[in-house]
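# What the coordinates show
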Amino acid sequence: MDSLLQAAQPLFAVAFTLWGSPATWLEVVAFVLALGMVGCNLRVHPLAWPLAMVSSLLYGLLFLHSRLYGEAGLQLVFIAAAAWGWWQWLRGRGGDGTALRVHRLGRRERLMTLAFVFGTWPLLAAVLQRFTDSDVAYLDALPTVGSLAGQVLLGRKAIENWAVWLAVNVFSVALFASKGLWLTVALYALFAVLSVVGWRAWAALEGRTDAREPARG
């Protein structure tokens with residue numbers, strides 16, 4: 001882990017200072033890519049997924065540097081999930097065998113999502129406390145498992161993914177502020193706003209087969 005951070009050290013050169021804390025070039029590039037990813041998600045455009053993969057790689061390095069090990073490990077999962085989500089959006093099928101559409105979860109699926117988040121949260125927090133030097137294990141673990149749930153729902157085009165992301169993004173604002181990652185704080189605050197926008201946009205697309213196609217400019 002230390003050798004990886006050493007190899008990536010040039011990426012941590014300071015681009016500018018924001019509210020008394022340095023913002024690195026790595027954080028700036030990851031910020032821009034993440035915004036592009038969300039913009040594509042809003043339009044149900046498959047380009048969101050490769051942007052997510054590169055952005056996740058950069059954020060993984062940033063979070064390692066900040067000792068947010070749950071968030072850093074999550075980025076590796078995100079890269080794998082992005083490959084799966086990309087395939088889902090291009091080739092995935094719904095329960096009826098037709099092309100995957102923007103849809104709502106049933107009551108059982110919503111309960112299963114909540115059970116996963118709140119059941120996995122303390123388990124991951126215990127792992128972080130036991131095996132890392134994280135000083136915010138429980139605060140790190142909650143948005144980590146919430147993000148996993150949100151990523152799966154996004155890949156399956158469930159409208160509720162935006163509700164999950166809204167909760168994760170609001171919580172993450174406070175977490176990253178505690179680490180002085182102010183550019184990332186600004187990004188996640190914007191993500192929270194965009195989660196509401198996405199929620200409304202996808203509600204209007206519910207059940208439409210053309211929502212699967214890349215949007216035209």
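This text gives an overview of the structure that appears in the document. (Residues numbered from 1 in each chain as written. Predicted model: local features only at pLDDT ≥ 70, side-chain atom pairs only at ≥ 80, totals over all residues. Heavy atoms only, no water.)

Bringing the overall build of the protein into the picture now. Counting its secondary structure elements, the protein contains eight helices and two strands. Overall, the C-alpha framework of the protein stretches about 50 × 40 × 30 Å when taken along its three principal axes. Counting the 217 residues in the protein, one finds 46% classified as buried. Pairs at least 24 apart in sequence give 70% of the contacts found in the protein among residues at least 6 apart. Summing over all exposed atoms, the protein offers an accessible surface of approximately 10,700 Å²; the carbon and sulfur share of this is 68%. (Helix = DSSP H or I, 4+ residues; strand = E, 2+ residues; numbered from the N terminus. Buried < 20%, exposed > 50% of the residue type's maximum accessible area, 1.4 Å probe, protein only. Contact = heavy atoms within 4.5 Å. Areas by Shrake-Rupley, 256 points an atom, 1.4 Å probe, with all protein chains shown as cover.)

Scanning all chains against the criterion turns up ten aromatic pairs. Measuring from centroid to centroid gives 6.2 Å for Phe 78 and Trp 165, while their planes differ by 65°, and the two rings are edge-to-face. One end of the pair, Phe 78, is in helix α4 (residues 69-91); the other, Trp 165, is in helix α7 (residues 161-178), with 87 residues separating them in the sequence. Across the pair, Trp 165 and Phe 78 agree in class, each one buried. A centroid spacing of 5.2 Å and a plane angle of 65° characterise the contact between Tyr 188 and Phe 191, whose relative ring orientation is edge-to-face. (Phe/Tyr/Trp six-rings, centres within 6.5 Å; stacked < 30°, edge-to-face > 60°.)

Attention now goes to the environment of Leu 47. Residue placement: Leu 47 occurs in the loop between α2 (25-42) and α3 (48-65). Between the alpha carbons of Leu 47 and Phe 12 there is a distance of 27 Å; along the sequence they are 35 residues apart.

The next thing to look at is the pairing of strand β2 (residues 21-24). Pairing of strand β1 (residues 14-18) with β2 involves four bridges; the strand directions are antiparallel. Across the sheet, residue Phe 16 finds its bridge partner in β2, namely Ala 23. The hairpin turn running from β1 into β2, its antiparallel successor, is two residues long, and Trp 19 in that turn takes a positive phi close to 55°. (Pairing = 2+ DSSP bridges.)

With 55 residues, the main nonpolar core has Tyr 59, Leu 62, Phe 63, Leu 68, Phe 176, Leu 187 and Trp 202 as its most contacted residues. Counting only elements with at least two residues in this core, the list comes to α2, α3, α4, α5 (107-131), α6 (137-155), α7 and α8 (182-205). Among the elements that take part in this core, α2 stands out by supplying ten residues, more than any other. Apart from the residues within four sequence positions on either side, Leu 62 is in contact with Phe 12, Thr 24, Leu 26, Glu 27, Leu 181 and Thr 184. (Core = buried A, V, L, I, M, F, W, Y, C linked by side-chain atoms within 4.5 Å.)

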